[in-house]
Amino acid sequence: MKPDLIFLIKWVATAITIVGAVCTSINLYPLGPALLNLGALLWLVVSIAWREWSLIVINATLLAIYTTGLVVKLLT
């Protein structure tokens, strides 16, 4: 990927993650966790492009946790 695109994705991901954290803190469900999910997904894309294993692991793990939580909550 082009460096300019990665730069844009990482800042969009950061903004989405911050908004998701705010939404979660004021109990806007499922918007907060959905935004956190999207932020983790975008950061996962960036970390794969950077080949940065520590970021890949944390963002893949967060994505799995957020997705599991959303699915469980929506199905029960």
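Let me sum up the structure you'll find in this document. Everything quoted here is computed from the prediction, not taken from an experiment.

## A word on the overall build of the protein chain
- Broken down by element type, the protein chain carries three helices and zero strands.
- Ordered by position from N to C terminus, the α and β elements of the protein chain give α-α-α.
- In terms of principal-axis extent, the alpha carbons of the protein chain reach across some 40 × 20 × 15 Å.
- For the protein chain, buried positions account for 29% of its 76 residues.
- Summarising the internal contacts of the protein chain: among those between residues at least 6 apart in sequence, 48% fall at separations of at least 24.
- As displayed, the protein chain has an accessible area near 5,100 Å², and 76% of this comes from carbon and sulfur atoms.

## Brief notes about helix 2 (residues 31-50)
- Under the 1.5 Å per step criterion, the end-to-end length of helix 2 is 29 Å for 20 residues, consistent within 8% with the ideal 28 Å.
- Taken as a whole, helix 2 has its buried residues at Gly32, Pro33, Leu35, Leu36, Asn37, Gly39, Ala40, Leu42, Trp43, Leu44, Val46 and Ser47.
- Positive backbone phi, at 55°, marks arginine 51, one or two positions downstream of helix 2.

## Digging into the packing of aromatic side chains
- Applying the stated criterion to the full structure yields one aromatic pair.
- Ring centres of tryptophan 43 and tryptophan 50 lie 6.0 Å apart, and the angle between their planes is 65°; on these two criteria the pair is classed as edge-to-face.
- Here tryptophan 50 falls in the partly exposed class, since its relative accessible area comes to 41%.

## Here's the deal with the packing of helix 2 against helix 3 (residues 53-75)
- Across the interface, helix 2 lies against helix 3 with an axial gap of 8 Å and an inter-helix angle of 155°. Of the possible angle classes, the one that applies to helix 2 and helix 3 is roughly antiparallel. For the pair helix 2 and helix 3, the crossing hand works out as left-handed. Each of Pro33, Ala34, Leu36, Asn37, Ala40, Leu41, Trp43, Leu44, Ser47, Ile48 and Trp50 in helix 2 lies in contact with helix 3, whose residues at this interface are Leu55, Ile56, Asn59, Ala60, Leu62, Leu63, Tyr66, Thr67 and Leu70.
- Its residues placed into classes, the contact of helix 2 with helix 3 shows 16 nonpolar, four polar and no charged.

## Considering the nonpolar core
- Residues Ile6, Ile9, Ala13, Ile16, Cys23, Leu35, Leu42, Trp43 and Val46 constitute the largest nonpolar core, which totals nine residues.
- With five residues, the top contributor of residues to this core is helix 1 (residues 3-25).
- Apart from the residues within four sequence positions on either side, leucine 35 is in contact with Ile16, Val19, Gly20 and Cys23.

Scoring rules and cut-offs
- Residues numbered from 1 in each chain as written.
- Predicted model: local features only at pLDDT ≥ 70, side-chain atom pairs only at ≥ 80, totals over all residues.
- Heavy atoms only, no water.
- Helix = DSSP H or I, 4+ residues; strand = E, 2+ residues; numbered from the N terminus.
- Buried < 20%, exposed > 50% of the residue type's maximum accessible area, 1.4 Å probe, protein only.
- Contact = heavy atoms within 4.5 Å.
- Areas by Shrake-Rupley, 256 points an atom, 1.4 Å probe, with all protein chains shown as cover.
- Expected span 1.5 Å × (residues − 1).
- Phe/Tyr/Trp six-rings, centres within 6.5 Å; stacked < 30°, edge-to-face > 60°.
- Axes fitted to C-alpha atoms, helices over the stretch in contact; angles between N-to-C directions.
- Parallel < 35°, antiparallel > 145°, perpendicular 65-115°, else oblique.
- Left-handed = near helix turned anticlockwise from the far one by under 90°.
- Nonpolar A, V, L, I, M, F, W, Y, C, P; charged D, E, K, R; others polar.
- Core = buried A, V, L, I, M, F, W, Y, C linked by side-chain atoms within 4.5 Å.

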